[in-house]
Each structure stands twice: as structure tokens, then as C-alpha cells.
Amino acid sequence: MKRGFFSKGFASLISLGLVLGTSNNAVANNSSCLSTPTLSSSHQVAQVDLGNGATASAWQWYPGSDASSASLSNLGTKVSLITGNLRNIDFGLLHWELPRTADLRMLSYTSYNALGSINGDYLDVNGPWSAMIEDSNMIYAPTGDSNVIGMVKHKVNPSKGYRSLGYVKFGSKIFRLTGVNQLNPGTNSVVLYKGDFFKDVTPKGSVTIVFRGAKVLKVYPQGYAAKKSAGSVLQIRGLSASAAKLIKAGSKVVLSLPSAPEYETRMAADSVHAYGSISSNTTTLNFDSINYAYLSSNSATLFDSEFKETTKSGRVTLRIQPDSLGNLVIKNVYRQGYFTKVDDSGYIVQANGAAATVALKFKAGDIVTISRSYRSQSGFNFINAGGRGARLIQGGKFVWVCDQHNKDYRPRTAVGWNADGQVFFLTSSRGFDAADMGMRQGGSSTDQMGHWLLNLGATEAFLLDGGGSTTMEINPFNAGWQRFDLPDSAWYRGLSNAYAITVRN
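Residues numbered from 1 in each chain as written. Predicted model: local features only at pLDDT ≥ 70, side-chain atom pairs only at ≥ 80, totals over all residues. Heavy atoms only, no water.

Enquirer: I'm lost on the sheet that holds strand 2 (residues 54-61) in this one. Help?
Expert: Hydrogen bonding along the main chain pairs the strands of a sheet, whether they run parallel or antiparallel. In spatial order, the strands read 1-2-3-32-31-33-29-30; together these 8 strands make up an open sheet with antiparallel pairing. At either margin of the open sheet sits one strand with a lone partner, and together these are strand 1 (44-51) and strand 30 (397-398). As defined by bridge partners, strand 31 (residues 412-417) adjoins strand 33 (residues 460-463) across 4 bridges and the pair is classed as antiparallel. Counted as the bridge partner of Trp 417 is Glu 460 from strand 33. Contacts from helix 6 (residues 446-456) reach strand 3 (77-85), strand 29 (391-394), strand 30, strand 31, strand 32 (422-429) and strand 33, with the element oriented near 150° to strand 32. (Pairing = 2+ DSSP bridges. Helix = DSSP H or I, 4+ residues; strand = E, 2+ residues; numbered from the N terminus. Contact = heavy atoms within 4.5 Å. Axes fitted to C-alpha atoms, helices over the stretch in contact; angles between N-to-C directions.)

The structure is reproduced here in C-alpha cells:
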């Protein structure tokens, strides 16, 4: 999206033999969606091992009939993918000094363990449109709710699903489990449903095997939504399905299933808002935004030393610094407000309206404490998170309504994931350098991005900023950072933040 001026080894995936098609359900429910070409070997132009099971792949449709006959821009389309699994990688937030911007190459350098990166949130002159959480701390937040995506620390409820490293053996054939009791597993998955599954009927796989104890009771070669009371139910999708069809009723079963973990990392989408306070022995002032340049007319904003520009002046300004004992002390109360930068290790509070009336109760020399946190609508505890755009996929269903949106070809960026822990970074662009600053030439429609992610195996997916912001970088073994969506010579836009797949901490 053009920047405005308003406040507000998954190696099997990229096997040359794999062809990814369009979702029939999505097309049936969205008659005006564009046709989505398959990400097939005939158009694959890159395949890169990034380490830790992460890979980068690209497909190119060349300008002219090659692209236009595939319902893509006649200027050409390159689809670029980075994927990895949360068993081996983490989801990271990249940012520069607030509210300053930097191009994706510079943002990528800020992470010593990043394997690949994409542009993140929409932005304007005040900073990102949505909150940012890093290392479980909210470091930036506009006033009000922010829609975010990120990695959460999730307390596992075994009946509602988790990733697994177990296996099921039928005779000499071994099937490695990807999960247990998962409601929306990905395209390539082997999920075991036990008697404690929170629903009575299991999701249907491509092939279903029901067993009890050490014996196979029934094999459904076309898949079956089995009742959990039937026994242990194995639902198999994708690459393992053909081998599963060969299992026979009566076969001997060996199950190896480690205990469920207490916690696991997952991707999640949510709405969050900041809250916090500055308190002395006699006065408490609440604030509801952090490091956000645009000041609310009736509340307070906390700035810390991550904010590198001069703050706007509130009606009352508090300057806070640590003393030699580490206490936070109010050094100045500017009763008429004050435009200022934040001292190293210090804080600035800018208050307006009703909050300014409370701020006036503080005095220079007061020792204060600062409490800052956030609330999420769903109660998620995010490790890293940043802003997101519109939803494309929910619960394994394509939910973007093509009839209500344009089908313009643009560079676009999206992120998706599934219960198996697979994370997908996806961009579309022209694939060639162009003198338009990357904003409009080539790319894809939004619905095509959603269909690609759906067929890659994402069960949840969201748009990110696009147009001139769309950028993807990779960091292959011993090769250094390189641009992957366009040539390195292409123009880079300054970004407020970015997202990375990183080596697991």
C-alpha cells in the first residue's frame, strides 16, 4: 500500500513434482474471483535451502501471453515464498528506531538469526498503524485497539490439539505424526484423534484409519469423518495419503506418542491495546499509547528511549529519569507542555485533556513507578507481534469476498500458517526491476494470494502492506542477505517494521 499521511525442512513442499491448485470451494462461493494458476514446476525459477528446515521458492510468469493466459498481469508476475515450521524456527519482529523507517535490508540486519524476511504493517508519518510487541513487551501502540498477528506462547489443552513428534507403525510402514487432536490441520498432515478429542466427530482426512489397541479396524481410502468413539482415528492428508491407502484392516499397530507438552509456540491473530500507569505515593496517571507520535486529545502517551524523534507537546509534559540508586524520578513538570526528545534510560509522558489534569498533580522530585502492559481480546500472550491487514483464510476456508473488492494486479504481501506449525511468507511482484518504485507493475490480485496460501496448506492467512512496500529478503547459508522478490537493484521503500523467520531461540 502506498504510504499515506494519515494518523491512523519442509522440502516436500517445494518438490518439483508438487502441483498446487485452486480451491474449488472458494471459487464456488466467489464467482467473481480470478482464476489462480498453479505453483507448478513448469514456472518454478528458484529453490533455496535457508537452514533449520526453512526454504525459499519462487515461480515466474513472464510478461505477455505467459502471464496473461494464466489470469495474471501481462507485465509479468513472480510469486515468492518463504516457509518454515515452528518446530525449528520462530516468528520475529524487525524494526528500526521509532518512529523512523528503514528498508527491509537494513531491518533484516537488526536480527542476527533471521533466515528470511518480509515487509510488515501499513504505516504513515506517525509510525506503524498497529501495535508492536517484542520479547513479550509492548514497545509501541497507538491509542485504541490494534489488529495484530504474531507468535504466542500457548498453554496446551491436549483435547484441543497440539503438535507431536510421535509415530504410528502399521507393519513395516511408519507414519510420523504432525499433531494430535487438531481441529484444522494443514494440507500435509498426519493427525491422531484420541478419545479425549473435544468434539465427537473428527475432521475428515484424505485417508482415514481407525484402530483400537494393536489392530487396524477400518481403512477409508477416500477419507471419513469418524466418531472418536470408534477408536483411535488417524486422519492423513497430502504426501502420505497414497501410502496410507495400502494399509489393510487387521494390520498390526504400534503407536509411539510422547506426552503432550505444557506449552508450544503458535501463530495467532488478535486485537490488542496498551494500558499502563505512572504512580507516585499520591497520584496515578494512566496512559493508553506507547511511543506513538500522534497524541490523543484526552489521554496520556508514554515515550521511552526507543523513540528517537522529538515528541509533540501535550498540555502537560513529565520528564522522568533514573537516579543513582535506580529509582525513577520526575525531573520536570512542564505545565504548558514541552516538545522534547527522550533521555537515555528515561521517559517522557505527554498528557492532554483529562489526563493533563491528573499529570499536574505530580511534582518534580517525586519517585514514581511505571507499569506497562497490554490486553488481548482472546487472552493470547504474544512473544512477538505486529500489525496485519484483512483476513484471507480462516479455519481452512477462503473468506475473502471477491465481489466486494477490486481485482487489480499489484505487488502484494501476505502471511499464513497452520496448526502443524508451518508459517508461510508470500509476495507477488513483477519479478523485474521497473522505474515505477515498485508500486503498481505486475503482481497479483488479492484473491489469488489467498488461493495460493490455501493450497500451500495455510489454514489462517492475512494481507500485509503491499504496493511499493512489498519486499522479501532471504539469508541463505554463507551468502549474505539478498532480495528475493525483485533484483537487488530494485527500489526499496522505507518500512516501519518487518517480519522474519528466525532460528529457533
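After presenting the structure, the write-up continues.
Enquirer: Looking at this structure, I do not really get the pairing of strand 4 (residues 89-95). What am I missing?
Expert: By the criterion of burial, strand 4 is predominantly enclosed, with 7 of the 7 residues buried. Judged by which residues are buried, strand 4 turns out to be covered on both faces: Ile 89, Phe 91, Leu 93 and His 95 on one side and Asp 90, Gly 92 and Leu 94 on the other are all buried. In this sheet, strand 36 (residues 497-503) lies alongside strand 4 in antiparallel orientation, the contact comprising 7 bridges. Each residue of the ladder has a partner; that of Gly 92, found in strand 36, is Ala 500. (Buried < 20%, exposed > 50% of the residue type's maximum accessible area, 1.4 Å probe, protein only.)

Enquirer: Looking at this structure, I do not really get the pattern of salt bridges. What am I missing?
Expert: Where charged atoms of side chains with opposite charge meet at close range, the side chains can pair. Enumeration over the complete set of coordinates arrives at 11 salt bridges. Several salt bridges share partner residues, and in doing so they unite Glu 97, Arg 100 and Glu 309 into one network. (Salt bridge = Lys/Arg side-chain N within 4 Å of Asp/Glu carboxyl O.)

Enquirer: Looking at this model, I keep getting lost on the packing of aromatic side chains. Mind explaining?
Expert: Two numbers describe a pair of aromatic rings. These are the distance of the centres and the angle of the planes. Tallying each qualifying case throughout the model produces 15 aromatic pairs. Members of the aromatic cluster, connected to one another through ring pairs, are Phe 91, Phe 425 and Tyr 499. Between Lys 218 and the ring centre of Tyr 220, over which it is positioned, the NZ or CZ distance is 5.6 Å. (Phe/Tyr/Trp six-rings, centres within 6.5 Å; stacked < 30°, edge-to-face > 60°. Lys NZ or Arg CZ within 6 Å of the ring centre and 35° of its normal.)

Enquirer: Honestly, the environment of Ala 46 in this entry has me stumped. Any pointers?
Expert: Note on placement: Ala 46 falls in strand 1. Sequence spacing of Ala 46 and Asp 488 is 442 residues, and the spatial spacing of their C-alpha atoms is 15 Å. Once residues within four sequence positions are removed from consideration, Ala 46 is found in contact with Ala 56, Ser 57, Ala 58 and Phe 484.

Enquirer: Please clarify how the state of the cysteines should be interpreted in this entry.
Expert: Working definition: the covalent bond between the sulfur atoms of two cysteines is a disulfide. Counted according to the given criterion, the structure contains 1 disulfide. Each disulfide pairs two cysteine sulfurs, and for Cys 33 the partner residue is Cys 402, the sulfurs being separated by 2.0 Å. Since a negative S-S torsion denotes a left-handed disulfide, the Cys 33-Cys 402 link at about 90° is right-handed. Separated by 369 residues along the polypeptide, Cys 33 in the loop between helix 1 (24-29) and strand 1 and Cys 402 in the loop between strand 30 and strand 31 bring together distant segments of the chain. (Disulfide = S-S within 2.5 Å.)

Enquirer: Even after reading the chapter, I still don't get helix 6, so can you show me in this structure?
Expert: Of all 11 residues in helix 6, 11 are buried, a share of seventy percent or more. Those residues of helix 6 not exposed but buried are Thr 446, Asp 447, Gln 448, Met 449, Gly 450, His 451, Trp 452, Leu 453, Leu 454, Asn 455 and Leu 456. Note on helix 6: the residue one or two positions beyond its end, Gly 457, has a positive phi of about 120°.

Enquirer: Which parts of the structure should I look at to understand the sheet that holds strand 4?
Expert: In spatial order, the strands read 4-36-5-34-35; together these 5 strands make up an open sheet with antiparallel pairing. A single partner strand is all that each edge strand has here, and the edge strands are strand 4 and strand 35 (482-483). Two strands pair when backbone bridges link them, and strand 5 (residues 114-119) and strand 34 (residues 472-474) are joined in this way by 3 bridges, in the antiparallel orientation. Note that in strand 34 the partner of Ser 117 across the bridge is Glu 473.

Enquirer: Whenever I open this one, the nonpolar core confuses me. Can you help?
Expert: A general trend in soluble globular proteins is that nonpolar side chains are found buried together. Within the largest apolar cluster, 37 residues are counted, with the highest numbers of intra-cluster contacts made by Ile 82, Ile 149, Phe 425 and Tyr 499. Grouped together as the second largest cluster of nonpolar side chains are 31 residues, Tyr 347, Val 349, Ala 351 and Ala 385 included. (Core = buried A, V, L, I, M, F, W, Y, C linked by side-chain atoms within 4.5 Å.)

Enquirer: Explain unusual backbone geometry to me, please; I cannot follow it from the model alone.
Expert: Both trends apply: most residues other than glycine have a negative phi, and most peptide bonds are in trans. Residue Pro 99 is bonded to the preceding Leu 98 through a cis peptide linkage, with omega at -5°. Assignment of secondary structure puts Pro 99 in the loop between strand 4 and helix 3 (104-109). Positive phi values are uncommon outside glycine, yet Asp 135 reaches one of about 50°. In this structure, Asp 135 sits in the loop between strand 8 (132-134) and strand 9 (137-140). Positive phi, close to 65°, is recorded for Ser 345, a residue that is not glycine. Tracing the backbone through its elements, the reader meets Ser 345 in the loop between strand 25 (328-334) and strand 26 (347-351).

Enquirer: Where do I start with a nonpolar patch on the surface in this structure?
Expert: A grouping of Val 45, Tyr 62 and Phe 432 is seen on the molecular surface, where their side chains present a nonpolar patch of about 260 Å² in accessible area. Examined against the element boundaries, Tyr 62 turns out to sit in the loop between strand 2 and helix 2 (65-68). On the basis of relative accessibility, which here comes to 43%, the residue Tyr 62 falls in the partly exposed class. (Patch = residues over 30% accessible without salt bridge, like charges linked within 9 Å, V, L, I, M, F, W, Y side chains within 5 Å. Areas by Shrake-Rupley, 256 points an atom, 1.4 Å probe, with all protein chains shown as cover.)

Enquirer: Sorry, what's going on with the environment of Tyr 292 here?
Expert: You can see Tyr 292 is positioned in the loop between strand 22 (289-290) and strand 23 (300-304). A residue is classified by how much of its surface remains accessible, and Tyr 292, at 4% relative accessible area, is buried.

Enquirer: Explain the side chain of Ser 376 to me, please; I cannot follow it from the model alone.
Expert: Structurally, Ser 376 is set in strand 27 (residues 367-376). When its relative accessible area of 14% is taken as the criterion, Ser 376 is described as buried. Excluding residues that lie within four positions of it along the chain, Ser 376 makes contacts with Asp 270, Ser 271 and Val 272.

Enquirer: Hey, could you run me through the side chain of Thr 471 in this one?
Expert: With respect to the element layout, Thr 471 can be found in the loop between strand 33 and strand 34. Overall, the relative accessible area of 1% leaves Thr 471 in the buried class. A polar atom in the side chain of Thr 471 sits 2.8 Å from the backbone oxygen of Ser 469. Residues within four places of Thr 471 in sequence aside, it is in contact with Leu 104, Ser 117, Ile 118, Asn 119, Thr 413, Thr 427, Arg 483, Asp 485 and Tyr 492. (Polar contact = N/O pair within 3.5 Å; in protein donor to acceptor, adjacent residues only side chain to side chain.)

Enquirer: Where do I start with the confidence of the model for the chain in this structure?
Expert: Detailed reading of predicted coordinates is not advised where the pLDDT is low. Scored by pLDDT, the chain comes out at a mean of 92, with 93% of its residues at no less than 70. Confidence over residues 1-28 falls short of pLDDT 50; this stretch has 75 contacts with residues more than four positions distant or in other chains. (pLDDT = per-residue confidence, 0-100.)

Enquirer: Would you explain the pairing of strand 26 in this entry?
Expert: One face of the sheet, then the other: side chains in a regular strand alternate in exactly this way. Of all 5 residues that make up strand 26, 5 are buried, and the element is covered over most of its length. Residues Tyr 347, Val 349 and Ala 351 of strand 26 are buried on one face, and the alternating residues Ile 348 and Gln 350, pointing to the opposite face, are buried as well. As defined by bridge partners, strand 24 (residues 316-322) adjoins strand 26 across 5 bridges and the pair is classed as antiparallel. Bridge assignment links Val 316 to a residue of strand 26, and that residue is Ala 351.

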